[in-house]
Every structure is written in C-alpha cells, then in structure tokens.
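Understanding the architecture of this molecule
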Amino acid sequence: MDVKQQVAQQRAELEVAVKRALEMASKKADAAEVAITKTTGISVATRMCEVESVEFNSDGALGITVYRGQRKGSASTSDLSEKAIAETVEAALDIANYTSEDPFSGPAPAELMAYDYPDLDLFYPDEPEPDHAAEKAIAAERAALEYDERIKFSDGASYDSHYGVRVYGNSHGMLGSYASSRHSISCSVIAEDSKGMERDYSYTVARDKKELWTPEQVGIEAAKRTIMRIEPQRMKTCQVPVMFAADVATGLLGHLVMGISGSNLYRKSSFLLDKLGDQILPEWFSVYERPHLLKGMASAPFDSEGVVTKDLDIIKDGVLQTYLATSYAARKLGMQPTGHAGGIHNWFVGNTGQSFEQMLKELGTGVLVTELMGQGVNIVTGDYSRGAAGFWVENGEIKYPVSEFTIAGNLAEMYKQIVAVGADTEYRSQIQMGSVLIESMKVGGE
C-alpha cells in the first residue's frame, strides 16, 4: 500500500472517529464540535555537513467541544478507541458543568458550513529516507560553504517533509476532511572577516517537493545574502524614506491581520477599531484573499470551525472592506463569521509595477531594510519600533550594509505613506507581496 492509499484509509478511519464522537456528544449536549489533525513526517537537521538530528513524528489528538446551553466544555484524546472517545466526551460534558455561561459561545451558523467544498490539490506526500533528507540539507550547506571563502561556518540546514489529514465535524451535520503536504529546505551560514561575523539564511517551501528550489539554490542564496552583510556600518539618526525588502514587507501586512482580527476588535485593543469602510491605505492599494488557490500554501476549503472559505476583497482602493471574525468574535461584533478561524488564506497584494532595482531608484537616498528584530509593535495604538539591519542607499544604488539601528513610526501613518509596492513578489509567505516603499520614517542610529 503506497502513501496515498494509507492516507486515504487513515482519512476514512478519522472520519469514523469524528462521527462517532459527534453521535455520543449530541445525545447529551445541545451542540458539539469535533476535530482532529493527524500529521506524519520527518525533519533532518545538519550542521557543518554532518547530521545533527533526525526527528520522525506521527501525532494528532481528537478534540471534542460540547455546549450545554451557554456553557462550553472541551477535552481531547490521542486514543481513538470507542471507550477512549466515550470517556473524552464525558470529560468535556463534565467540564461544561463548571464553566461560566457565555451567550456568545457555540458553533458557527449552520448556513455557513462547508457541506460541499472543492479539492484544492494540496496533497503531494513523500516519505524520504533519513539519508536522502540529510543529503539535501548537506548539499545546501556545501553549496553555501563553497560559494565564497569568507563563508566560514554553517549555522545549520534542514530538510523537512510532512503530510497530514484534517477532519472536522459538528452537530449541524457538517463533516469535512482534506489531506495536505508541506516540504521545505533551509540553510543558514556565517561569514567572517577581520571586522567580525555576519549571518543570514534562505529557504524554500512547497506543497509538492518537485517545486522546491534545489538545495544548491538555497545554499547559494543564503551565502549571497550573508556576504552582502559583511562590514556593516553604523548610521546617524535621521528621517528618510525606508524600503522594506519583500520578505520582510509581508510583516507589515501581518500587523494589518492583527489589527482587523475580531478578537482584538471586540476587546477594543486595535488601532483599526471602527475603521471598517474607511480608507486606511493609498487609493491604489489592494489586498485580496483567494483561499481556493490550487496548491496554495495557505489554501483551505473550510476554516477550523467548518465555515466555508471564499474569495474576499480585504482592501479595495485603499478602503478596508472586512474584518476577520471567528464565530465567537462575530457574535461579539454583531457580524457574520468570515471563515478565518485558524488564520488567513493566501493574501495577494497589488503592486505598482516596479522591479526591485526600480524600487531602489524611487527610494533615492534612504534605507533598505532586509531584517527586523524585536517585538516593538503595539497593536492597540499602532506604535511601531523595531530593531533592523539592511543597506544604505544613495541615488538609487546600494552603497554599504548597515546594522544596529531602529525604525519607528505609527502603523496607521505608515500605511498611508506607502508610495510603491514592487513587482518582486515574495511567494513563500501566506501574504504574497513585493517590496514596500514608505515615504518617510524615523531611523535611530548613533
């Protein structure tokens, strides 16, 4: 029996277990939800071209949530025998007797359930031998170490290959499942010269291992990024345009996700409270979500509450079109759930057409940020202050690396000061966007 057949059999068995748990729970509860995600895979880590660790995993627990009136109880088990499921249902029911009443609890509305959903082509399983996985990681390290004599050490490489099955059901009659896979190669190296040491990394990720970069590509990219950082200079404090490289620019939209998250909004702890329908970004700025993208790294036919996912405009002409709400947050906010229990699904950010080089020309003189450090973002106020590293740019050309500086502003103002989004799209993230140019930010240096 090959892997796909094994997973098909496992999927059927997990569906039976979820259905059995729902039947047991529904006899004694007003409503119930049951979910399980079973994951199998291997992770191999190497350092200096030698195997450092090999980890196999095969895990997953059945989570059962019951509702008695306005009281909620949850319990889980990794034992899927009928006796264990029955005991777990009883445990959840018992917990519900002791929890406080909450008028906003309960499953998502029945009319939003994914009773029918598409196959999103997310399943490309692999079961690599540890030696084969190690060869991939070592090949990435070797390519990096051979790229330049200043690459002295490897800070580690890894090859990961995992696949899994997710099953969700509830007392509305919803029972859905899908299988997915994820493969990745990463490599981090250290360069050294008379002035000190610098580190950087690269990685590749895909549903189908055939779509990964080669290990050599990952290693060489890690080496190139690291060499560029050698002999960084310190900056003077200044107010200049700031360009975020694509792979760090995605974080700017990650803060938007937090800002329009229902849980933050009903707690009144977001800088975007009461901004629905307001222009919060430039008129040309757009963000749209496509959860049913075939092979998409953040694709899902339904969310973790069984709500069907669908195409959405998040930002249109700079205007905020929707909040992101679970069923609980939606009840708190007086709105419908949006299918985001468990996270977002493939965000695409429109660009203004410039290549990376053209973005640098538009930047003129200022800072290119390629790394961000620290957690200096206050979602309540939007205040933003992060440690950073990158490059000083003059007349549209990179002059030298810079490090140990901070960039500061306020997210609401930063969003409105975005003057361009590049066409150099970062495809490895659940938020796909290019580099971002902000008109002016305070840069703290010496």
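About the criteria used
Residues numbered from 1 in each chain as written. Predicted model: local features only at pLDDT ≥ 70, side-chain atom pairs only at ≥ 80, totals over all residues. Heavy atoms only, no water. Helix = DSSP H or I, 4+ residues; strand = E, 2+ residues; numbered from the N terminus. Buried < 20%, exposed > 50% of the residue type's maximum accessible area, 1.4 Å probe, protein only. Contact = heavy atoms within 4.5 Å. Areas by Shrake-Rupley, 256 points an atom, 1.4 Å probe, with all protein chains shown as cover. Lys, Arg positive; Asp, Glu negative; His and termini not counted. Charge placed at Lys NZ, Arg CZ, Asp CG, Glu CD. Salt bridge = Lys/Arg side-chain N within 4 Å of Asp/Glu carboxyl O. Phe/Tyr/Trp six-rings, centres within 6.5 Å; stacked < 30°, edge-to-face > 60°. Patch = residues over 30% accessible without salt bridge, like charges linked within 9 Å, V, L, I, M, F, W, Y side chains within 5 Å. UniProt positions renumbered as here; feature names shortened; annotations may be inferred. Pairing = 2+ DSSP bridges. Core = buried A, V, L, I, M, F, W, Y, C linked by side-chain atoms within 4.5 Å. Expected span 1.5 Å × (residues − 1). Axes fitted to C-alpha atoms, helices over the stretch in contact; angles between N-to-C directions. Parallel < 35°, antiparallel > 145°, perpendicular 65-115°, else oblique. Left-handed = near helix turned anticlockwise from the far one by under 90°. Polar contact = N/O pair within 3.5 Å; in protein donor to acceptor, adjacent residues only side chain to side chain.

**Topic: the overall build of the protein chain**
If you tally the helices and strands in the protein chain, you get 9 helices and 18 strands. Principal axes of the C-alpha set define a box for the protein chain whose edges measure 70 × 55 × 35 Å. Counting every position in the protein chain, which comprises 446 residues, the buried fraction comes to 52%. Sequence-distant contacts in the protein chain: of pairs separated by 6 or more residues, those separated by 24 or more amount to 72%. Put simply, the protein chain shows about 20000 Å² of open surface, and 47% of that area lies on carbon and sulfur atoms. Counting 43 positive and 63 negative side-chain charges, the protein chain places the averaged centre of each group 3 Å from the other.

**With respect to the pattern of salt bridges**
In total, this model carries 20 salt bridges according to the counting rule given. Between Arg229 and Glu198 there is a salt bridge, with its nearest N and O atoms 3.9 Å apart. Taken together, the positions of Arg229 in the loop between helix 4 (215-228) and strand 8 (238-244) and Glu198 in strand 7 (residues 196-206) put the pair 31 residues apart, joining distant regions of the chain. Like Glu198, Arg229 is buried.

**A few points about the packing of aromatic side chains**
Inspection of every chain in the model, using the stated rule, returns 9 aromatic pairs. Aromatic pair Tyr117 and Phe302: ring centres 5.3 Å apart, planes at 75°, arrangement edge-to-face. Placement of Tyr117 in the loop between helix 2 (82-96) and helix 3 (130-147) and of Phe302 in the loop between strand 9 (287-289) and strand 10 (312-316) is noted, with a sequence separation of 185 residues between them. Taking relative accessible area as the criterion, Phe302 reaches 2% and is therefore assigned buried.

**Some details on a nonpolar patch on the surface**
A cluster of nonpolar side chains, contributed by Met48, Phe153 and Met197, occupies part of the molecular surface with about 290 Å² of accessible area. With respect to the helices and strands, Phe153 occurs in strand 5 (residues 151-170).

**Some thoughts on the UniProt feature "domain: Metalloprotease TldD/E C-terminal" (unreviewed entry) in the protein chain**
If you check UniProt for "domain: Metalloprotease TldD/E C-terminal" (unreviewed entry), the listed places come out as residues 237-445 in our numbering. Taken end to end, residues 237-445 has its terminal C-alpha atoms 4 Å apart, with 19% of it in helix and 33% in strand.

**Some details on the pairing of strand 8**
Relative to strand 18 (residues 436-444), strand 8 runs antiparallel, the two sharing 6 bridges. What sits directly across from Cys238, in strand 18, is Val443. Direction of pairing for strand 8 relative to strand 13 (residues 366-373): parallel, over a ladder of 3 bridges. In the sheet register, Met243 faces strand 13, and the bridge partner there is Leu368.

**Remarks on the sheet that holds strand 12 (residues 347-349)**
Taken in spatial order, the 5 strands make up an open sheet running 11-10-9-12-17, and their pairing is mixed. Edge positions in the open sheet fall to strand 11 (319-320) and strand 17 (431-432), since each of these has one partner strand only. The pairing of strand 9 with strand 10 spans 3 bridges and is antiparallel. Pairing of Tyr288 across the sheet is with Asp313, part of strand 10.

**Regarding the nonpolar core**
Core analysis: the biggest nonpolar cluster contains 59 residues, and Phe244, Leu253, Trp347, Val369 and Tyr384 have the highest contact counts within it. Ignoring sequence-local partners within four residues, the contact set of Phe244 consists of Ala249, Leu252, Val369, Leu372, Tyr384, Ile407, Met414, Ser435, Val436, Ile438 and Met441. Of all hydrophobic cores here, the second largest spans 27 residues; its members include Ala25, Val34, Leu62 and Val66.

**Regarding the environment of Ala412**
Looking at the secondary structure, you find Ala412 in helix 9 (residues 411-416). Taking C-alpha positions, Ala412 is 21 Å from Cys238, a pair spaced 174 residues apart along the chain. If we ignore the near neighbours within four places in the chain, the residues touching Ala412 are Phe271 and Ile280.

**Structural notes on the UniProt feature "domain: Metalloprotease TldD/E central" (unreviewed entry) in the protein chain**
Sites flagged by UniProt as "domain: Metalloprotease TldD/E central" (unreviewed entry) map to residues 124-229. Strand forms 47% of residues 124-229 and helix 30%; the C-alpha atoms that close the span are 37 Å apart.

**A few points about the environment of Ala31**
In this structure, Ala31 sits in strand 1 (residues 31-47). As a C-alpha pair, Ala31 and Asn170 span 139 residues in sequence and 7.6 Å in three-dimensional space.

**What to know about helix 3**
End to end, helix 3 covers 26 Å across 18 residues, agreeing with the expected 26 Å (1.5 Å per residue, within 8%). Restricting attention to buried positions, one finds in helix 3 the residues Ala133, Ala134, Ala137, Ile138, Ala139, Ala140, Glu141, Ala143 and Ala144. Where helix 3 is buried, its residues touch strand 1, strand 2 (50-59), strand 5, strand 6 (175-193) and helix 4.

**A short note on the packing of helix 1 (residues 3-26) against helix 2**
Across the interface, helix 1 lies against helix 2 with an axial gap of 10 Å and an inter-helix angle of 45°. In terms of their interaxial angle, helix 1 and helix 2 are classed as oblique. At the point where helix 1 passes helix 2, the crossing takes the right-handed sense. Residues Ala17, Arg20, Ala21, Met24 and Ala25 of helix 1 form the contact with helix 2, whose participating residues are Glu82, Ile85, Ala86 and Val89.

**Structural notes on helix 1**
Compared with the 34 Å implied by 1.5 Å per residue over 24 residues, the 34 Å span of helix 1 between its first and last C-alpha is a close match. Among all positions in helix 1, only Val3, Val7, Gln10, Leu14, Ala17, Val18, Ala21, Leu22, Met24 and Ala25 are buried. Packed against the buried residues of helix 1 are strand 1, strand 3 (62-68), helix 2, strand 5 and strand 6. Its side-chain oxygen placed 3.2 Å from the backbone nitrogen of Lys4, Asp2 serves as the N-cap of helix 1.

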